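Architecture at a glance
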Amino acid sequence: MEFAELIKTPRVDNVVLHRPFYPPVEGTLCLTGHHLILSSRQDNSEELWLLHSNIDSIEKKFVGTSGTISIKCKDLRIIHLEITGMEESLNVASSVEALSTLDSITLMYPFFYRPMFEVTEDGWQSFLPEQEFEHLKTVTGDWRLSEVNSDFSVCPTYPPLVIVPKSLDDDSLRKVAMFRHGGRFPVLSYYHKKNGMVMMRCSQPLTGTNGRRCKEDEKLVNATLRAGKRGYIIDTRSLNVAQQARARGGGFEQEAYYPQWRRIHKSIERFNILQESLIKLVEACNDQSHNMDRWLSKLEASNWLTHIKEILTTACLAAQCIDREGASVLVHGSEGMDSTLQVTSLAQIILDPNCRTIRGFESLVEREWLQAGHPFRQRCAQSAYSNSKQKWEAPTFLLFLDSVWQILRQFPCSFQFNERFLITLFEHAYASQFGTFLGNGEYERSKLKLRQKTMSLWSWVNQPNEINKFMNPLYEANGLVIWPSVAPQSLQLWEGVFLRWNRSSKYVEDAYEEMIHIIEYNKELQVKVNALRRQLAELETEDGILETP
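The structure presented is a predicted model; accordingly, all values stated were derived computationally and were not measured.

Below, the discussion takes up the packing of helix α10 (residues 358–370) against helix α12 (residues 396–410). With their axes 13 Å apart at the nearest point, α10 and α12 run at an angle of 145 degrees to one another. Read as a crossing pair, α10 and α12 show a hand that is right-handed. Residues Phe361, Leu364, Val365 and Trp369 of α10 touch α12, and the partners they reach there are Thr396, Phe397, Phe400, Leu401 and Val404.

Moving on, we get to the environment of threonine 436. Among the secondary structure elements, threonine 436 is positioned in the loop between α13 (419–430) and α14 (442–448). When its relative accessible area of 2% is taken as the criterion, threonine 436 is described as buried. Linking threonine 436 and serine 456, residues 20 residues apart in sequence, is a C-alpha distance of 5.3 Å. With sequence-adjacent residues up to four places away left out, threonine 436 is seen in contact with Trp124, Glu366, Leu370, Arg445, Met455, Ser456, Leu457 and Trp458. At 2.7 Å, the side chain of threonine 436 forms a polar contact with the backbone nitrogen of leucine 457.

Once that is clear, we can look at empty space enclosed by the protein. To find leftover empty space, one rolls a probe the size of a water molecule over the atoms. Evaluated as defined, the whole model comprises three cavities of 30 Å³ or more. Of the pockets and cavities examined, the largest cavity occupies roughly 90 Å³. For the lining of the largest cavity, the secondary structure elements donating two or more residues are α10 and α14. Of the residues assigned to the lining of the largest cavity, the class counts are four nonpolar, three polar and four charged. Of the voids in this model, the second largest cavity is the one considered here, and its volume is about 60 Å³. Around the second largest cavity sit Leu76, Val282, Cys285, Asn286, Tyr385, Val497, Phe498, Leu499, Arg500, Trp501 and Asn502, which together line it. Where the lining of the second largest cavity is concerned, the elements lending two or more residues are α6 (271–285) and α18 (495–498). Across the lining of the second largest cavity, the residue classes tally to eight nonpolar, two polar and one charged.

Our focus in this paragraph is the sheet that holds strand β3 (residues 35–40). Spatially, the seven strands line up as an open sheet ordered β4-β3-β2-β1-β7-β6-β5, and their pairing is antiparallel. Of all the strands in the sheet, the pair left with one neighbour each is β4 (47–51) and β5 (55–63). Taking the axes of each pair of neighbouring strands and ignoring which way they run, one obtains an average angle of 30 degrees across the sheet. Bridge count between strand β6 (residues 66–73) and strand β7 (residues 78–84): seven bridges; the pairing is antiparallel. Of the residues in β7, the one forming a bridge with glycine 67 is isoleucine 83. Of the strands in this sheet, β1 (11–19), β2 (22–31), β3, β5, β6 and β7 are in contact with helix α1 (residues 86–99), which crosses β5 at around 165 degrees.

A separate point is helix α2 (residues 129–137). Turning to α2, its buried residues number three or more, namely Pro129, Phe133 and Leu136. With its buried residues spanning 55 degrees around the axis, α2 presents them on a single face.

This part covers the pattern of salt bridges. Applying the stated criterion to the full structure yields 26 salt bridges. For the salt bridge of arginine 77 with aspartate 75, the shortest nitrogen-to-oxygen distance reads 3.0 Å. Note on accessibility: arginine 77 and aspartate 75 belong to one class, buried. As a salt-bridge pair, glutamate 283 and lysine 298 come within 3.6 Å of each other at their nearest N and O atoms. Here glutamate 283, found in helix α6, pairs with lysine 298, found in helix α7 (residues 292–302); they are 15 residues apart in sequence, far enough to count as distant.

Thresholds, definitions, all that
Residues numbered from 1 in each chain as written. Predicted model: local features only at pLDDT ≥ 70, side-chain atom pairs only at ≥ 80, totals over all residues. Heavy atoms only, no water. Axes fitted to C-alpha atoms, helices over the stretch in contact; angles between N-to-C directions. Helix = DSSP H or I, 4+ residues; strand = E, 2+ residues; numbered from the N terminus. Left-handed = near helix turned anticlockwise from the far one by under 90°. Contact = heavy atoms within 4.5 Å. Buried < 20%, exposed > 50% of the residue type's maximum accessible area, 1.4 Å probe, protein only. Polar contact = N/O pair within 3.5 Å; in protein donor to acceptor, adjacent residues only side chain to side chain. 1 Å grid on protein atoms, 1.4 Å probe; cavity = no way out; pocket = protein on both sides within 12 Å on 5 of 7 lines; lining within 4 Å. Points joined across faces, edges and corners; volume = space filled by probe spheres on them. Nonpolar A, V, L, I, M, F, W, Y, C, P; charged D, E, K, R; others polar. Pairing = 2+ DSSP bridges. Arc of directions from axis to C-beta. Salt bridge = Lys/Arg side-chain N within 4 Å of Asp/Glu carboxyl O.

This is the structure we're talking about:
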C-alpha cells in the first residue's frame, strides 16, 4: 500500500489553527504519510508537526462552505483546524482518519524515521538481561540466567533470557510453565541487597476446580526462601475474583502445598474499568464550567486517584514485606502483565535508590515492562477520546507513571529525573518516532526486527544535550528506602499531564526557571567560597602566622 493512495488532498492553503492559550495561526496544511504539518506564513518558526499515530479521534463540523476539524490526540491535547471549502475539509478529515488507523505496525513512523542527531549510544543494547545478571552475580550466586525460552516456545510473552533459581533446571521450568497461565512461570524481579530477600513475578497457577498441583512449581517458589524464613504471595485480585478464576481453569496457590507462604489478596482494577476511569477524568478536566463543586464531584467519580491509591498501597506492602519483615515476595494477578508489573516496579522505586536515577529508571522500564511482556500495542492503541471501545485497552502504564509522579512530588530531592521525563515516556508510549514501545512483547519485537530497523528511545534521551532537560535540579542521592503516603490528602491530580492543555503553563515554567537560576547561582557562590577558603589555607601555610580577621 502507498501512503499517497490515502491522501486525497496533500496540501491546503489558508488553514487556521486554533489551540487553547495561543493566538490563531493561519498557514498551509500539508499531509504526509506520517505527519500532519501546518506551517505559518506569518512566522516561519510557528509550525505544528503532529504524528498521525498520535490522533485518537476526529470530529467534523461544517458551517456554510467551510469546515472545522477537531483533532483529539492521545497525549490529551485538542486542536481545531478551520478549512475553507467543503471538499477540502472532507478530504483532509478522511485522509487523517485513514492514516491514523493503519493496521500494519511496519507502516508506522519508527520504521521510516532517520535520526537527525549523532547516535553515540545504541539504546537497544543498553539494558540487556545479561548485563543485569552480571550485576546480580556480584552480590549472590543463588541465581542463574536461563535460555529455556530462547525460541519463545515456553512463554511467548517472556524474553529469551530469564533469571531463575540455580537449583531449578530447564526441564523443571518447562513443567512449571505448563502450570502457569500463558507459561509465565516465576522469575526474579528484584534482589534486595540489604538482606538478600527477593521479589518474583509470574501469572496465576492453573489449579482449576480440582486443586491441581505442580511439585516443580512448589520447588521453584520455595527455592527463593532462606532457611527458617517465610514468604508472601501478593495476589492483585480480590479473593472472590481469584476463586471465580478457578472455574475457568485458573486459581491461586493452595496453602497446603505452599506452607511457608502466606497469601494476601489486594484488589487492583484492570482493562475497561481503568479505561473508563481515564475517559471520565479527562472529561472532567475538559469541563469549562469552572464550578468547583462540579469539578471535584467529577474528579472523585472518575476513581482515578482511588486506583493510584490501590496500586501504591500494594507496592508499599510488597516493599514492607521485603525490607522490614525480611521476607521474599511473589506477585501475580491473572496474566501477570498489568497490575503485577505496576506493583513490582513501584516497589523497586521505593526500595532501590538506583531506580530513582534516569538510567536506573530506564532499566526498570525495560525489564519490568518491555522485557516483562506488557502489551503496549494493545493497551496504548487508543487514549481517552476514541469513539471505539476495544476490550484490551487500558492506561496501565500511565497509571504507573502517575504513581511515580506522586512519589516524586512527596520526595522531590530523591529523584534524579524530573516531571518532564515522566511526561515524555507517557507521550512516546502512545505515539513515537522510536521503536521502543512498539509491539506487545519481545517475541513480536523480534519478528518485526525492531532492533535492526528502528531507533531506540534511549539513544535519543541519553544524549548529553537531551538528558539535561530531564535532570532534577533538586536531586541529592538518597540511599534510603522511601515510604510514600497513600492518604487521600497526599495524592493529587497530575496537572502536568491532565491539565497542561487546559491552562496556561507560563507561570509554572517561569517559576521553574527561577528555581534553576537560584540553584545555579548558589552553586557558583559555593564554588567561589571554596576557592577563597583554599587560597586562605595556602596563605596560612606559606606565612605560618597569618591572622584571619
